[in-house]
Every structure is written in structure tokens, then in C-alpha cells.
Amino acid sequence: MQEKYIVMRKVIGIGETVLDIIFRNNQPIQALPGGSTFNAIISLARSGVPTSFISETGNDRVGQTIIQFLRDNGCNADNVSVYPDSKSPLSLAFLNDKNDAEYIFYKDHPKDRLDFTYPSVQADDLVVFGSYYALNPVIRPQVKAFLEYAHQRGAILYYDVNFRASHQHEVIKLTSNLLENFELADIVRGSKEDFQILFKKDNPDVVYRTQISFYTKKFIYTQAGDPIELRGDNGLSKQYPVTPIQTVSTVGAGDNFNAGFLYGLIANGITRNHIEQGLSETQWDSLIACGQKFSAEVCSSLYNYVSPEFGAERKKELEKK
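Let me begin by describing the structure that accompanies this report. Nothing here was measured: the structure is a model prediction, and the numbers come from that model. (Residues numbered from 1 in each chain as written. Predicted model: local features only at pLDDT ≥ 70, side-chain atom pairs only at ≥ 80, totals over all residues. Heavy atoms only, no water.)

Focus: the pattern of salt bridges
So, step 1. One pass over the structure, following the stated rule, counts 16 salt bridges.
So, step 2. For glutamate 180, the salt bridge identified is with lysine 144, shortest N-O distance 3.2 Å. Within this pair, whereas glutamate 180 is found in helix H5 (residues 171–184), its partner lysine 144 is found in helix H4 (residues 140–152), the two being separated by 36 residues in sequence.
So, step 3. When its relative accessible area of 26% is taken as the criterion, lysine 144 is described as partly exposed.
So, step 4. For the salt bridge of lysine 173 with glutamate 170, the shortest nitrogen-to-oxygen distance reads 3.2 Å.
So, step 5. Residue class for lysine 173 comes out exposed when judged on its relative accessible area of 54%.
So, step 6. It is possible to trace a salt-bridge network through shared partners that takes in Arg140, Lys144, Glu148 and Glu180. (Salt bridge = Lys/Arg side-chain N within 4 Å of Asp/Glu carboxyl O. Helix = DSSP H or I, 4+ residues; strand = E, 2+ residues; numbered from the N terminus. Buried < 20%, exposed > 50% of the residue type's maximum accessible area, 1.4 Å probe, protein only.)

Right, here's the structure in full:
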């Protein structure tokens, strides 16, 4: 019975789709479908987790490639809207000598609207959302309505803040949407950079106490190669060191930490009821370790998602549950 339950739970992502073009020494070295939530969903699909993706793209070759890529990797793409008068967005990622990326985004969606039919959401399914897509005032009514629906259906909501400096001038305008996301989320993850941009704060305890804890007690604060900071229920506060690795690209590092964490929730049979009761330190240890494992895998290549081989091994692990 337990095996069937694990297999049937699914992850639904809602976020942007882009074509990621990666540069080193100002020369393009890779181009592939991407987007923060998109990257996590592909890794989960490759790992044997049933997935569905809600997004939008242009009616062009890039958009067709993105939708086909989702389907080729086993993800349900029925809820990706294609707008006939729009071009698909591009993201340029320029790697520095540490293989960290600086981004430039190009988007031509003059009539954003996000028309989609809700996918099936069952109790204990997982919904991952974040980035500017989860704050964008133009599509906010649709995004918020779906998140509220998923919450009412008993799904677990995971929010990755992932706020880029290119939107810093919009912080005041977007704050109410940000706080609504904190309130809807069961688990919030954000990076040191996110909170420096949003609140000009870089201390995880201060961020947690002043911005997060009123909304949720489950908070993950990542800071690149420095230790991960966890703040959990019942005053749990813990640091997790990050094992140094030889990185090829960090473009999908945070996205795949999210994927690994969500994989861990499913693999460990953690339900909405467990979340509401409060996770134990042992459960947190396992979830963070899963996140780090996926993240490290992605940093060892130029791809934004785990390799098919890594995914196949995770799929075998799920099948043994």
C-alpha cells in the first residue's frame, strides 16, 4: 500500500519557461530549455516522479522545443499555454571564473494572461513555485487562485523566493504578493542574495525572525558554498555544511536543491499532516541531504537538470519504497 501511495503522488510546477544560453569568456557554449521551476520539474520527472507543469511560451521554434522537451522527459505539458503573437523568452547566463552566473533576460510577452485549466491536485501532492513569475502583477490573479486551490485540496506548497536584482526597483510594488506567497507556503527557501535584494538583510536569524516566522516555521536559507541554515518547528536551528566540489556551472544549483528536497518528501513518505505536526530533525537531515545531492549533481555539468543516469538511479530508489 505504501509503495502505491509514493508512486501516485505528483509534483506540479508553475513558473516561466526560457531558452537558457550559457556563455563562458563571452562565447556561447550551451543552449537548452530552462526556467527555475522548469529545471526542478525536469529533474523530478527524470527521477521517476509524476510531474505536471503550468507555464506559457511563444508560438515559435523555441516554444515548440520546450514543450517537446517536457514531454520527452515524461512531464505533462498540457497546461503550457502557447500565445500566437509572442516570442519565447531568452535567458543569457554569463559564467565567471568560479562558474557562477550573471543573468540577462529578454522577454516579449506583450499580453501575458496565463490561461490554463487546473491540473488534478490531490491531497499530499506537491506544488513548487517561485521567482518573479510568482509575483508578476500581470498574472498574479491566476497564480494566486491556483495556489489557493492547491492549498485547499491538501497539497504541500514549496516556495523558492529566487528574486533577481533586475527586479529590485519593483520591490515595494511586489511586497504584498511576496507576503501572500509566504503565507500560502508550507516551506520557504531563499538565498542570501534574495534577502539582501528584498530586505537589505543578510543574517538568517534576522530574516527568519522579521520576515518569515510569522507566516511559516519551516525556512531554508542557502548561501552558495557556505553552510545551509535551517529554521524549523519548535525552535529547531541547524547548519548544514556544503561539501566543496569542482563546479562546471551553478546555473541550476538552487533549482535542483528544490528538486532534491521535493524528491525527499516523496521518498520519505512525508505528508501534509507531517508538515503540519512539525518535522523531526532526522527528517530535516534527510531532506536537506537529498537537496544537496541533486544540487551537486547539476553543478558537475553544463545542464540545468540532473542527468538521465542520475535520475534512473533515483527512480530505482523510489520503486524500492
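Let's pick the thread back up.
Some details on the packing of helix H2 (residues 36–46) against helix H8 (residues 253–267)
So, step 1. Remark: H2 packs on H8, axes separated minimally by 8 Å, with the N-to-C direction vectors making an angle of 45 degrees. It follows from the interaxial angle that H2 and H8 lie oblique. Seen along the crossing, H2 lies across H8 with a hand that is right-handed. Two secondary-structure elements touch here, H2 through Ser36, Asn39, Ala40, Ser43 and Leu44 and H8 through Asp255, Asn256, Ala259, Leu262 and Tyr263.
So, step 2. A breakdown of the residues in the contact of H2 with H8 according to their chemical character gives five nonpolar, four polar and one charged. (Axes fitted to C-alpha atoms, helices over the stretch in contact; angles between N-to-C directions. Parallel < 35°, antiparallel > 145°, perpendicular 65-115°, else oblique. Left-handed = near helix turned anticlockwise from the far one by under 90°. Contact = heavy atoms within 4.5 Å. Nonpolar A, V, L, I, M, F, W, Y, C, P; charged D, E, K, R; others polar.)

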